[in-house]
Amino acid sequence: MVFNVTHITTYKYNAPVNYCHNIATLRPRKSDGQELLDYKINISPKPAEITERLDFFGNYITRFSIQAEHDTLKVMTKSKIIRHYGTIHDSFFSDACRSITMTQALNALNENDPATMEAKQFVLESIFIRRTDKNIREYAELSFQANRSVFDAAHELMQRIYTDFDFVSGFTSISTPVEEVMKEKKGVCQDFAQIAIACIRSVGLPARYVSGYIETLPPPGKEKLVGADASHAWFSIFIPGFGWVDFDPTNNQIPKDQHIVVGWGRDYYDVPPLKGVVYGSGKSKLKVSVDIARVS
Amino acid sequence: MSTTTKASWLNTYETKFGNDELFTANNDVKTYWKKLFTGFDKLGENGLSGRQKDIDWLLLENGVTYNVYNDPQGMHRPWNLNVVPLVMHRNEWQNVEAGLKQRAELLNLVLKDAYGERRLIKDGIIPHEIIYGHRGFLRQCAGIEYTTEKLLSIYAADLARGTDGRLWVVNDRTEAPSGMGYALENRSTTSRILPEMYSKMNVTRLSTFFKEFHQMLIHAAPGKKDNPNIVILTPGSHNETYFEHAYMASFLGYPLVQGNDLVVRDGFLWMKSLQGLKKIDVVLRRVDDAFSDPLELREDSHLGVAGLLDVVRRKNVSVINPVGSGVIENPGLIPFMHAISKYFLNEDLILPQIASWWCGQEKEKNYVLNNLSNLVVKRIDRTNRESIYFGKFLSDSELESLKAQILERPYRFVAQEQINFSTAPNLSGNILEPRNVVTRAFSIASGDQYSVMPGGLVRVAPDSRTVRVSNQRGGTSKDFWVVEDQVVKEDKNKNWEQKSAIAISGLDDLPSLTAENLYWAGRYVGRTLVNARFIRTVMRQLAMVQNRDEKPEALKLQVLLKTVTHLTGTYPGFAEKNKDGNPAMDSPYEEMLSVIRDKNRVGSLAHTIGMFSNSYYSIRNLWSSDMWRVFENIQKLWQGFLEDENPSILKILKVLNQLITRLIAFMGLIEESIMVQQGLLLYFIGLQLEQSMLTISKCRSLLAVKYESQVEYDLLEYLLTSHESLNIYRYSYRSHIQLEHVLDLVILDVEYARSLTFMIKRLQKDIARLPHSRKDQQLTSYQKYVFSAFSKLRLSESNKLCMTKSKNDVVREDLDSLLGELSDLLYKTSQSLTSTYFNHTDRQTQMFTQSFPI
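The rules behind each value
- Residues numbered from 1 in each chain as written.
- Chains lettered and ligands numbered in written order.
- Predicted model: local features only at pLDDT ≥ 70, side-chain atom pairs only at ≥ 80, totals over all residues.
- Helix = DSSP H or I, 4+ residues; strand = E, 2+ residues; numbered from the N terminus.
- Buried ≥ 20, exposed ≤ 12 C-beta atoms within 10 Å, placed from the backbone.
- Contact = placed C-beta atoms within 7 Å.
- Rg over C-alpha atoms; globule rule 2.2 N^0.38 Å.
- Pairing = 2+ DSSP bridges.
- Axes fitted to C-alpha atoms, helices over the stretch in contact; angles between N-to-C directions.
- Parallel < 35°, antiparallel > 145°, perpendicular 65-115°, else oblique.
- Left-handed = near helix turned anticlockwise from the far one by under 90°.
- Nonpolar A, V, L, I, M, F, W, Y, C, P; charged D, E, K, R; others polar.
- Expected span 1.5 Å × (residues − 1).
- Domains from an automatic or database assignment.
- Core = buried A, V, L, I, M, F, W, Y, C linked by C-beta atoms within 7 Å.
- Arc of directions from axis to C-beta.
- pLDDT = per-residue confidence, 0-100.

## Some points on the overall build of chain B
Across its full length, chain B carries 28 helices and 23 strands. The proportion of buried residues among the 854 residues of chain B is 46%. By sequence separation, contacts in chain B at least 24 residues apart represent 72% of the contacts at least 6 residues apart.

Listed below in structure tokens is the structure:
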């Protein structure tokens, strides 16, 4: 499936900004079952300088600065992406994946093959997901049990989050701690992804945060998916002996072709779509719009 | 004075600890210590403690301080240095030196690997958690290529002697190691105080090392420039080691800057100077890793520079040590150092390390949990004092809670053997006592090698029972002498550090934050002086009122008191009434006490003195030692005054007199100690501007309203007195005091240094020398304001200013409106100067507000 994604972020300042430095994680990364066919970024006012690099996790980081006085910053990206995730999606339901139990997984984590070595760091604490309290561990252990399939446990965790948590935008912000989201059982896709990650790490398995988009035009007769008109986020669990498997707790589904990956990291902190330091006084208003059009 | 000489210092030195620097394994006194003690014996008992007093005095004189957070004694506690140095022979030191070079190189390789290929993890030499689980591992820094040969340019190690007689590595410091400046200051002090012993004992000099340090920074510049611009980046005057930053800056001749002084533009790092932006090549960094770039690292940091990391990434600036080097300040590495040494160098470790157990391993973790009360537990990424647990000092419940913490995230903890370090003699009162010592040794990159400072900073436990050695806990320090048998060569060229091209070359390059501090220093010193003089005049009058609490009936006194409020800005004060009348006027003495002593009241004398002190602390690299002495005097005087709970009016007058005299001495010293191109010009501008503004405010409040002639006469006399102009007036006019003459003298005189016109003229001349001032047809806005003020004054005539519209009018409208306009113009001048030169006040904000620690 081929998609055209247009992602526009606008900041309006109530007082002029003299200059700013920004970092964007907007160019979709290299990822299994996905290719980037075309990508353009358009920034207004025109940046004095702009560079791009790969970060620690292999995401594209765009850095730019604007040195002219301005009161509006607009960043628009257009990405053309082809998704052919079907076979990967199907492989999750194979025996190779589903048969691995929790005990086996924890043992296999001691292997020194490159993929496991690389994945292990995603067990450790991260900036937004630090010490996890008892509640999170107990919530996780309801699904993750020694002799149970890790895949089934993760699948159930996704379902439980979908059922137990309410999608309420504006209730949380990016700095709301995971513990509080757990207590209130409310939040948005970032929160649900981070809750799941905290749970999985609390039982000793690697999990990472995936940032991206989801196609929201409902096919005829099907339910409309939540997460429209904004960036989306979900989580991925590493099943030692098999590999990474994605889950979207906001929509209770395993991503297929309608999910488009932009970047991943330990949590939201590693892959914010846009951040920056602004020199000037006053406050800003943020507007984000995402439009996904199916080409074929 | 009688000198009682003890038979020998050596015989009176008692040490029970069995591991003392003085003795060999056979309990013989080491020969070089004997030599030092022979020197001490010649001084006698009083002689040695006399030298200690000299040291204390010298350090105070030079303003050597160490800031202790939340210290009841206040910030800027004097640095402690014990007169007895720690002595070591070159033969032993050479081995230590080789060990430090090896360790520096190893840590350098670990650092390169951590941010590069991470082979140590991939090849199973170290567990991944030791790097990935360390908060100092900054993923933003991965893959950066550096221009310097060594990634780790400065390495400090804390060394202590174990019971086996060898020196052990206790801590590694790599993030922004401190102490080098204190070591230098200790050497400079001790060598002056013990000249006989210093010259006889062949102490290795430090100058070669600092020469290499300077070269290291020059070579670090990208593109191998000949005259790179080097700055020292400090978190500011509240940092615990700020003295050292300022000391190193003036010793090495580099500008001392804060994050606000620097800015990233076009992929380069620039210093905001008075003239404009100046490209910076090398940053000697004293700001912690996570705080150095709010764009990529801690977003709530105001100590760093947004975009700095990217400039490093583009190889347009070198930061020493590189951002991210905190990851190897990591006791988790200790158990693996042998393997690392084998892996990289195929060598054994030369220096022993403290036995350490990393809890990320099952067996080690169990050992630690079973032996917790005999161990010292540290976090792998928090090696500051607050995060160290001494098992034997913990209660049962504390031990349990520590166990729980370890079990929750075992990989974050390391336990170490609690060992007894050696002691060394320390003069305490009149006796030598054994105290535990730890030596911080410094290594720096020098080409493809490391060089080690032949000396270091010795820190001493605060009492004979304490094993924790740290400056924050109030211990003292020592100079460290590496001695040899041959006579050491004196430094031929002592002035090597003298300014070369790298020094600030003139006013244009003055960092704008320094400039602003100087400007405010001028303003606050002016404000303190003018207000102190006026308050003195008022207090003299109050002293004549019989009953302190009596409401002043005399009109002249009421006018005087209202002027105090206007001058100091301590509204409502005497000037405004509330619904209960005017409480201040009802008990004037109480209100005056508050205006003088309440340091929390904005505008009070105490508050102004506080602001004056702050602005001076933040530019302390410009100070001479004489200035320090006078400054300390002012502080002491004021502190003592504030401690006196109920000072008499005479006492207050006495303190004000002393304050004024010392301020004047201080002002004289500033003028002769700081050069105009170092920023003295900014100080003068601030001073003239402030004095002019206060003169205006005082005259307006005292003279704009007409009173009956006796009141008016008294007010004129008060004005002249508080303006220190009564004698001049009598000399110039030889007459009864008249308003017209007073206006001539205090406001309109072009020649008299205390007149408003004179001060404005001087201001006009000074601001013309600022980098952006124009001498052609078009003046800058601040020049226009001052020019306009000057011409208004020149066009005024005193006889007209004296008049009221009619006989019945009480307001002198011409005078009042002139003073009002002048006040307005000077205010605008200040605003314009600020926006032109101190525009670093652009507030840095995040597009999103996020607040979390890295």
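## Describing the overall build of chain A
The helix and strand inventory of chain A stands at eight helices and 13 strands. For 296 residues, the compact-globule estimate of 2.2 N^0.38 gives 19 Å, and chain A sits close to it at 20 Å. When the backbone C-alpha atoms are referred to their principal axes, chain A occupies close to 60 × 45 × 45 Å. Classification of the 296 residues of chain A by burial places 46% in the buried group. Of all intrachain contacts in chain A linking residues separated by at least 6 positions in sequence, the fraction that spans at least 24 positions is 77%.

## Comments concerning the sheet that holds strand β16 (residues 413-417) of chain B
Residues and elements named next belong to chain B. An order of β13-β16-β14-β15 is seen for the four strands of this open sheet, with the pairing classed as antiparallel. The two strands at the open ends of the sheet, each matched to only one other strand, are β13 (356-358) and β15 (388-390). Ignoring which end each strand starts from, the neighbouring axes of this sheet average 20° apart. Against the sheet, helix α12 (residues 362-370) engages β13, β14 (375-379) and β16, with an angle of about 120° to β13.

## Topic: the environment of Tyr182 of chain B
All names here are of chain B. Looking at the secondary structure, you find Tyr182 in helix α6 (residues 180-193). According to the C-beta neighbour criterion, Tyr182 is buried, with 24 such atoms within 10 Å. Setting aside chain neighbours within four positions, we find Tyr182 in contact with Trp79, Glu244, Leu457 and Ser477.

## Some points on the packing of helix α21 (residues 680-703) of chain B against helix α25 (residues 756-767) of chain B
Residues and elements named next belong to chain B. Between α21 and α25, the shortest axis-to-axis distance is 9 Å and the interhelical angle comes to 150°. As the angle between them shows, α21 and α25 are arranged roughly antiparallel. Between α21 and α25 lies a crossing whose hand is left-handed. Taken together, the residues of α25 that come into contact with α21 (itself represented by Leu681, Phe684, Ile685, Gln688, Leu689, Gln691, Ser692, Thr695 and Ile696) are Leu756, Met759, Ile760, Arg762, Leu763, Asp766 and Ile767. When its residues are assigned to classes, the contact of α21 with α25 shows 10 nonpolar, four polar and two charged.

## Some details on α21 of chain B
For α21 of chain B, spanning 24 residues, the distance from its first C-alpha to its last is 34 Å, which sits close to the expected 34 Å at 1.5 Å a residue. The buried fraction of α21 of chain B is high, at 23 of 24 residues.

## Thoughts on unusual backbone geometry
Note that the residue after Ser44 of chain A, namely Pro45 of chain A, is joined by a cis bond; omega there is 0°. Note that Pro45 of chain A resides in the loop between β2 (34-44) and β3 (49-54). Cis geometry marks the peptide bond from Tyr571 of chain B to Pro572 of chain B, where omega comes out at -5°. Tracing the sequence through the fold places Pro572 of chain B in the loop between α15 (555-568) and α16 (583-586). Positive phi, normally seen in glycine, also occurs at Arg118 of chain B, with a value near 55°. With respect to the secondary-structure elements, Arg118 of chain B resides in the loop between α3 (90-114) and α4 (119-122). Among the residues examined, Arg118 of chain B registers 17 C-beta atoms within 10 Å and is labelled partly exposed. Not every positive phi belongs to a glycine, and Glu724 of chain B is a case in point at roughly 55°.

## Side note on the pairing of strand β11 (residues 259-265) of chain A
Residue and element names in this part refer to chain A. When you tally the buried positions in β11, you get seven out of seven residues, the bulk of the element. Both strand β8 (residues 207-214) and β11 contribute to a ladder of six bridges, which runs antiparallel. By the bridge assignment for β11, Tyr213 is matched with Ile260.

## Some remarks on the domain arrangement of chain A
Residue and element names in this part refer to chain A. Domain annotation of chain A identifies domain 1 (2-82 + 272-294) and domain 2 (85-270). Taken over C-alpha atoms, the centre of domain 1 sits 26 Å from the centre of domain 2. With 20 residues of domain 1 in contact, the opposing surface of domain 2 contributes 16 residues. The set of elements that each furnish at least two residues to the side of domain 1 that touches domain 2 consists of β1 (2-24) and β13 (284-294). It is β13 that provides the largest number of residues to the side of domain 1 that touches domain 2, a total of five residues. By residue class, the composition of the side of domain 1 that touches domain 2 is 11 nonpolar, six polar and three charged.

## Quick look at the interface of chain A and chain B
Contact with chain A, which involves 27 residues of that partner, is made by 30 residues of chain B. Breaking the side of chain A that touches chain B down by element, the ones donating at least two residues are β1, β4 (60-66), α4 (114-120) and β12 (274-280) of chain A. Its residues assigned to classes, the side of chain A that touches chain B comprises 12 nonpolar, 11 polar and four charged. Sheet topology places β12 of chain A next to strand β23 (residues 844-846) of chain B; three bridges connect them, and they run antiparallel. The residue bridging Val277 of chain A from the neighbouring strand is Gln846 of chain B, located in β23 of chain B.

## A short note on the sheet that holds strand β9 (residues 268-272) of chain B
All names here are of chain B. Taken in spatial order, the three strands make up an open sheet running β8-β9-β10, and their pairing is antiparallel. Because the sheet does not close on itself, it has two edges, and the strands there are β8 (262-265) and β10 (277-279). The sheet shows a mean angle of 40° between the axes of neighbouring strands, direction not considered. Pairing of β9 with β10 involves three bridges; the strand directions are antiparallel. Within β10, the position partnered with Met271 by the bridge is Lys278.

## Digging into the nonpolar core
Ala196, Phe235 and Ile237 of chain A are the most contacted members of the largest nonpolar core, which totals 220 residues. Among the elements that take part in this core, α3 of chain B stands out by supplying 10 residues, more than any other. For this core, the domains that each give at least three residues are domain 1 (2-82 + 272-294) and domain 2 (85-270) of chain A. In contact with Phe235 of chain A, other than residues within four places in its own chain, are Ala193, Ala196, Ile197, Ala207, Arg208, Tyr209, Val210 and Phe247 of chain A.

## Quick look at the environment of Glu433 of chain B
All names here are of chain B. The topology assignment puts Glu433 in strand β18 (residues 431-446). With 17 C-beta atoms packed within 10 Å, Glu433 lands in the partly exposed category. With 421 residues separating them in the primary sequence, Glu433 and Thr12 have C-alpha atoms 9.4 Å apart.

## Some words on the packing of helix α14 (residues 512-544) of chain B against helix α20 (residues 649-673) of chain B
Residues and elements named next belong to chain B. Between α14 and α20, the least distance of the axes is 10 Å, while the angle of their chain directions is 155°. With respect to α20, the element α14 is oriented roughly antiparallel. Between α14 and α20 lies a crossing whose hand is left-handed. Here Val525, Thr528, Leu529, Ala532, Arg533, Ile535, Arg536, Met539, Arg540, Leu542 and Ala543 of α14 come into contact with α20, specifically with Ile649, Ile652, Leu653, Leu656, Leu659, Ile660, Leu663 and Met667. Tallied by class, residues from the contact of α14 with α20 come to 15 nonpolar, one polar and three charged.

## What about helix α8 (residues 207-219) of chain B?
Because an α-helix completes one turn every 3.6 residues, residues spaced three or four positions apart along the sequence face the same direction. All names here are of chain B. The first and last C-alpha atoms of α8 sit 18 Å apart over 13 residues, in line with the 18 Å expected at 1.5 Å per residue. Inspection of α8 places Phe209, Phe213, Met216, Leu217 and His219 among the buried residues, and these make up the whole buried set. Take α8 and look down its axis: the buried residues cluster within an arc of 165°, on one side only. On its buried face, α8 is in contact with β6 (230-233), β11 (282-285), β12 (318-320), β18 and β19 (449-452).

## Let's talk about the confidence of the model for chain B
Put simply, chain B has an average pLDDT of 88, and 92% of its residues get 70 or more. Throughout residues 1-5 of chain B the model reports pLDDT below 50, and contacts reaching past four residues in sequence, or to other chains, amount to six contacts.

## Quick word on the environment of Leu184 of chain B
Residues and elements named next belong to chain B. On the secondary structure map, Leu184 appears in helix α6. Residue classification places Leu184 among the buried positions, given that 21 C-beta atoms sit within 10 Å. Measuring from C-alpha to C-alpha, the distance between Leu184 and Asn91 comes to 23 Å, with 93 residues separating the pair along the chain. Leave out the neighbours within four places in its chain, and Leu184 touches Leu206 and Phe251.

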